[in-house]
Amino acid sequence: MPNPKRNSIMEGAEKGKDKVVVLDFGGQYSHLIVRRCRDLGVYTELISYDIAIEELKRGIEVEEGEGKIKGIILSGSPFSIHDSSSPKCSYEILDLNIPILGICYGAQLIAYVEGGVVGEGRKAEFGRTELLFKDSELFEGISESGISSYRACDVVGQSPTINVWMSHGDVIERLDGADILGYTRNTPVAAFRINDRIYGVQFHPEVHHTEKGAKILWNFLYKICGCERNWTIESFVRDAIGEIKREVGSDGRVVCGLSGGIDSSTTALLVNKAIGDRLTCIFVDNGLLRKGEKEEVLNTFENNFKMKMLFVDAKERFLNELRGVKDAEAKRRMIGEVFINIFEEEAKKLGNVDFLAQGTIYPDRIESARSGSVASRIKSHHNVGALPEKLGLKLIEPIKNLYKDEVREVAKELNMPPQILNQHPFPGPGLAARVIGEVTEDKLRICREASWIVEEELKQSGWYNKVWQAFAVVGDDVATGVLGDARSLGRIVTIRVVESKEAMTADFVKLPYKVLESMSKRITNEVKGVTWVTYAISSKPPSTIEPC
Ligand code: XMP
């Protein structure tokens, strides 16, 4: 059952922006709907389907330009409307005087509530399907696209058609009192309108395979909801900086943990633009960083952006704490704890600090509500959640409503250098996630050097920007090698290169043998103590991306 944590719709740096909300019934494309609407220029949020009707009402009743909800989209769902456990929102939503668009399950829910007939699983449609539609505000401008001349289906007569993406088992068979705007061979009611305000489509306009899907969403946002086009990266940067200035005031001071990753770097830059030197960034070298990372972070933020950096060399402290710890979860917990302790000590030393800036992003908050999810587990390891309270600091999270690719756009807008902008994600526990078993200096050296070679070879062969993550893994396994004339034992290094969308699933990249060969050659030649190199060819699931 979907359960995005954030039900509040009146908070955040975007609180002045009028918006559209997507009620999440757990459909696979719920996030995609939000992203498409944002791409079209309207600030959009995903909220749980069971949001209290009063809260929605409050969001609708505010004045234009005050964060008003201008439209509601009901998402798809893996459930059938007839399942007793299927997610149902308050039916009063349909009585709110606001435009609504139901997509797939969302459309079936509207039909069900309005007394229509939703047939169970008899005529499922999956994939590309031809839709015959009638001119209406929702389909405005679509038949002029030239598609109307395409007449492949004899049932249609003169109706214009487009190919749409379907993924449903149940079918809306009848909906008396509604204006039927479109149908397919198997679905008599594939698009409908009730009272010029409530729309439903059985297909998925948010999916690329739906022809003119973006235009259909555009029609809903601008023609039907009357939204203003004001969600752009430039406007976000301007508003976020203004909001930080307002929140921090004229003499407030902020501290930020900067790891050099895209989220904390973007957060730090935004805060720096807003309050300059009153921000101090704490950068901790935990001894688990990639090769050259420390120099690059310091060079970028201290020399380039002239930001106030507090560098903490804590290599020994981390390695001492990690001595003898073999279990992956124990290592992660330990690293998280030591980091928090160091951060707390340093923030206290700074004294006179009022705020903690943190690079939380939108999926972190939505996903962390789903108990047991990968994301919630991930974030718990470098979570500084308890810190603001312990130190009496107020939290600032300027990018908490952004998706990762929006964060990248913001970073670009702020002139973030390409090494940081285009780098692969790197886990909070650093190289410890790639050293199997006990973390020793020798294994760290091998992992760091070999990973550097993997990245270099990918960059040289043009693969780096095409893959999600690439690194080397080292454990305690050894294999025989011949060094000169003598046989000797050395470590086995495993190369892991994966492609992925948002890390939820992943597959190994089918790299050319030539690239793998030169990685292997260089690792055995240049990294002392390595005799064998292997390539990890497992996908996620059942494997994970990082080995531990
Ligand atoms: P797994 O290994 O679970 O990783 O498939 C999925 C994605 O999350 C990253 N990852 C982490 N990130 N702290 C982080 O900040 C962690 O403890 C952590 N563990 C994994 C991983 O690099 C991949 O992108």
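Computed from a predicted model, the values in this text were never measured in an experiment. (Residues numbered from 1 in each chain as written. Predicted model: local features only at pLDDT ≥ 70, side-chain atom pairs only at ≥ 80, totals over all residues. Heavy atoms only, no water.)

Visitor: What am I meant to see in the overall build of the protein chain here?
Guide: A count of helical and extended segments in the protein chain gives 16 helices and 20 strands. Taken along its principal axes, the extent of the C-alpha atoms in the protein chain is 85 × 60 × 45 Å. In the protein chain, buried positions account for 54% of the 548 residues. When the accessible surface of the protein chain is totalled, it reaches about 24,000 Å², and 48% of it is carbon and sulfur. Charged side chains of the protein chain number 72 positive and 79 negative; the gap between the two group centres comes to 3 Å. (Helix = DSSP H or I, 4+ residues; strand = E, 2+ residues; numbered from the N terminus. Buried < 20%, exposed > 50% of the residue type's maximum accessible area, 1.4 Å probe, protein only. Areas by Shrake-Rupley, 256 points an atom, 1.4 Å probe, with all protein chains shown as cover. Lys, Arg positive; Asp, Glu negative; His and termini not counted. Charge placed at Lys NZ, Arg CZ, Asp CG, Glu CD.)

Visitor: When you look at empty space enclosed by the protein in this model, what are you seeing that I'm missing?
Guide: Empty space among the atoms becomes visible once a probe the size of a water molecule is rolled across them. What the rule picks out here adds up to four cavities of 30 Å³ or more. Size it by volume and the largest cavity reaches roughly 50 Å³. Per-class residue counts for the lining of the largest cavity are eight nonpolar, one polar and no charged. (1 Å grid on protein atoms, 1.4 Å probe; cavity = no way out; pocket = protein on both sides within 12 Å on 5 of 7 lines; lining within 4 Å. Points joined across faces, edges and corners; volume = space filled by probe spheres on them. Nonpolar A, V, L, I, M, F, W, Y, C, P; charged D, E, K, R; others polar.)

Visitor: Looking at this structure, how should I read the nonpolar core?
Guide: Where a protein is soluble and globular, its nonpolar side chains tend to be buried together. Val 439, Val 454, Leu 458, Val 493, Val 497, Met 519 and Ile 523 are the most contacted members of the largest nonpolar core, which totals 46 residues. Per-element accounting of this core gives the leading share, seven residues, to helix 15 (residues 441-460). Looking at this core, you find at least three residues from each of domain 2 (233-421) and domain 3 (435-535). Look past the residues within four positions of Ile 523 in its chain and what remains in contact with it is Ala 450, Ile 453, Val 454, Val 493, Ile 495, Val 530 and Val 533. (Core = buried A, V, L, I, M, F, W, Y, C linked by side-chain atoms within 4.5 Å. Domains from an automatic or database assignment. Contact = heavy atoms within 4.5 Å.)

Visitor: Can you walk me through the sheet that holds strand 12 (residues 254-257) in this structure?
Guide: To summarise the sheet geometry, strands pair through backbone hydrogen bonds and adopt either a parallel or an antiparallel arrangement. Pairing is parallel across the open sheet formed by five strands, whose spatial order is 14-13-12-15-16. Looking at the sheet topology across the chains shown, the edges are occupied by strand 14 (308-313) and strand 16 (394-396). Here the average twist between neighbouring strands, direction ignored, is 25°. Strand direction decides the pairing type here: strand 12 and strand 13 (residues 279-285), joined by four bridges, are parallel. Pairing of Val 255 across the sheet is with Thr 280, part of strand 13. (Pairing = 2+ DSSP bridges. Axes fitted to C-alpha atoms, helices over the stretch in contact; angles between N-to-C directions.)

Visitor: What should I look at first to understand the domain arrangement of the protein chain in this one?
Guide: When the parts of a complex come together, some accessible area is lost, and that lost area is often taken as the interface size. What the domain assignment reports for the protein chain is domain 1 (18-224), domain 2 (233-421) and domain 3 (435-535). The C-alpha centroid of domain 3 is placed 29 Å from the C-alpha centroid of domain 2. Of the roughly 1,100 Å² buried between domain 2 and domain 3, counting both surfaces, carbon and sulfur atoms make up 58%. Considering only the surface of domain 2 that becomes buried against domain 3, Lys 291, Leu 319 and Lys 331 emerge as the three largest contributors, covering 43% of it. (Buried area = accessible area lost by both parts, 1.4 Å probe.)

Visitor: I would appreciate a short explanation of the side chain of Ser 86 in the present structure.
Guide: With respect to the helices and strands, Ser 86 occurs in the loop between strand 3 (69-74) and strand 4 (100-103). The class for Ser 86 is buried, based on a relative accessible area of 7%. Polar contacts involving the side chain of Ser 86 include one to the main-chain carbonyl oxygen of Asp 83, which spans 2.9 Å. Of note is the side chain of Ser 86, whose polar atom sits 3.0 Å from the side chain of Lys 88. (Polar contact = N/O pair within 3.5 Å; in protein donor to acceptor, adjacent residues only side chain to side chain.)

Visitor: Would you explain unusual backbone geometry in this entry?
Guide: Only a minority of non-glycine residues have a phi that is not negative, and only a minority of peptide bonds are not trans. With omega at -15°, the peptide bond leading from Lys 540 into Pro 541 counts as cis. Here Pro 541 is to be found in the segment after strand 20 (530-535). A cis amide bond links Pro 541 to the next residue, Pro 542, at an omega of 5°. Secondary-structure assignment places Pro 542 in the segment after strand 20. The phi dihedral of Asn 415 falls on the positive side, at around 65°, and the residue is not glycine. Along the chain, Asn 415 turns up in the loop between helix 13 (404-413) and helix 14 (418-421).

Visitor: What exactly am I supposed to notice about the pairing of strand 10 (residues 191-194) here?
Guide: Both faces of strand 10 are covered, namely the face carrying Ala 191 and Arg 193 and the face carrying Phe 192 and Ile 194. Relative to strand 10, strand 9 (residues 179-183) is paired through three bridges, and the arrangement is antiparallel. What sits directly across from Ile 180, in strand 10, is Phe 192. Following strand 10, the chain reverses through three residues before pairing antiparallel with strand 11 (residues 198-201); Asn 195 in that reversal takes a positive phi of roughly 50°.

Visitor: What should I look at first to understand the packing of helix 6 (residues 262-275) against helix 13 in this one?
Guide: Helix packing geometry: the angle between the two helix axes and the distance between the axes. It is at 10 Å that the axes of helix 6 and helix 13 come closest, and there the two elements cross at 45°. Accordingly, the angle class assigned to the pair helix 6 and helix 13 is oblique. Seen from above, helix 6 lies across helix 13 with left-handed handedness. Every residue of helix 13 that contacts helix 6 at Ile 262, Asp 263, Thr 266 and Leu 270 is listed here: Lys 404, Val 407, Val 410 and Ala 411. Residues of the contact of helix 6 with helix 13, tallied by class, amount to five nonpolar, one polar and two charged. (Parallel < 35°, antiparallel > 145°, perpendicular 65-115°, else oblique. Left-handed = near helix turned anticlockwise from the far one by under 90°.)

Visitor: Would you mind going over the environment of Tyr 49 with me for this structure?
Guide: Among the secondary structure elements, Tyr 49 is positioned in the loop between strand 2 (43-48) and helix 2 (53-61). Separated by 26 residues in sequence, Tyr 49 and Leu 23 have C-alpha atoms that sit 4.7 Å apart.

Visitor: Explain the sheet that holds strand 9 to me, please; I cannot follow it from the model alone.
Guide: Within the open sheet, the nine strands sit side by side as 2-1-3-4-11-10-9-6-7. Their pairing is mixed. In this open sheet, the two strands that pair with only one neighbour each are strand 2 and strand 7 (161-168). Looking at each pair of strands side by side, their axes are set apart by 25° on average, direction ignored. Across five bridges, the pairing between strand 1 (residues 19-24) and strand 3 is parallel. Bridged to Lys 19 within strand 3 is Ile 69. Against the sheet, helix 2 makes contact with strand 1, strand 2 and strand 3, and its axis sits at roughly 140° relative to strand 3, the strand it touches most.

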